[in-house]
Amino acid sequence: MAVFGLSKDTVGAQRKFKEKQGLNYALLADPDKTLLKSLGVLKDKVMYGKKVKGTVRATFLVGADGVVKNAWEVGAIALHPGEVLAAAKS
């Protein structure tokens, strides 16, 4: 099983974030938002009273064939790792 992070940040910003946080998994940069759009995680949000398009936190389980097998849109990512691992085993 492999774990990846994805955001609209640049490769350089991802590198700095990974080093600062001490992450041990790959971070994927999608500054043009192509993959984020296709995954449906760019949604309307409200920031400082203004409506903006933002990225919602989500977890995707992708099979060896490259097909998304399951998806979880989450506010607090730490609340569902057991559910993700159970789905990965099935």
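Residues numbered from 1 in each chain as written. Predicted model: local features only at pLDDT ≥ 70, side-chain atom pairs only at ≥ 80, totals over all residues. Heavy atoms only, no water.

Let us now look at the overall build of the protein chain. When helices and strands are tallied, the protein chain shows three helices and six strands. Start at the N end of the protein chain and walk to the C end: the helices and strands fall as β-α-β-α-β-β-β-β-α. Its C-alpha atoms give the protein chain principal-axis dimensions of about 40 × 30 × 25 Å. Counting every position in the protein chain, which comprises 90 residues, the buried fraction comes to 19%. Expressed as a percentage of contacts within the protein chain between residues at least 6 apart in sequence, the contacts between residues at least 24 apart total 17%. Element-wise, carbon and sulfur atoms account for 57% of the exposed surface of the protein chain, whose accessible area totals about 6,900 Å². (Helix = DSSP H or I, 4+ residues; strand = E, 2+ residues; numbered from the N terminus. Buried < 20%, exposed > 50% of the residue type's maximum accessible area, 1.4 Å probe, protein only. Contact = heavy atoms within 4.5 Å. Areas by Shrake-Rupley, 256 points an atom, 1.4 Å probe, with all protein chains shown as cover.)

Taking every second residue as pointing to the same face, the buried face of strand S5 (residues 58–62) carries Thr59 and Leu61, while none of Ala58, Phe60 and Val62 on the other face is buried. Summarising the sheet, S5 and strand S6 (residues 68–73) pair through five bridges and their orientation is antiparallel. Paired with Leu61 across the two strands is Asn70, which belongs to S6. What sits between the antiparallel neighbours S5 and S6 is a turn of five residues, in which Gly66 has the positive phi angle 85°. (Pairing = 2+ DSSP bridges.)

Along the polypeptide, Asn24 turns up in the loop between helix H1 (11–21) and strand S2 (26–29). Taking the C-alpha atoms as reference, Asn24 lies 9.6 Å from Phe4; in sequence the two are 20 residues apart.

So, on to the nonpolar core. If you look at soluble globular proteins, the nonpolar side chains tend to sit buried side by side. One finds Leu61, Trp72, Val74, Val84 and Ala87 forming the largest nonpolar core, which totals five residues. Apart from the residues within four sequence positions on either side, Ala87 is in contact with Leu61, Asn70 and Trp72. (Core = buried A, V, L, I, M, F, W, Y, C linked by side-chain atoms within 4.5 Å.)

Let us now look at the confidence of the model for the protein chain. Of the residues in the protein chain, 93% have a pLDDT of 70 or more, and the chain-wide mean is 87. At the low end of the mean pLDDT range in the protein chain sits helix H3 (residues 81–89), at 79; at the high end sits H1, at 95. (pLDDT = per-residue confidence, 0-100.)

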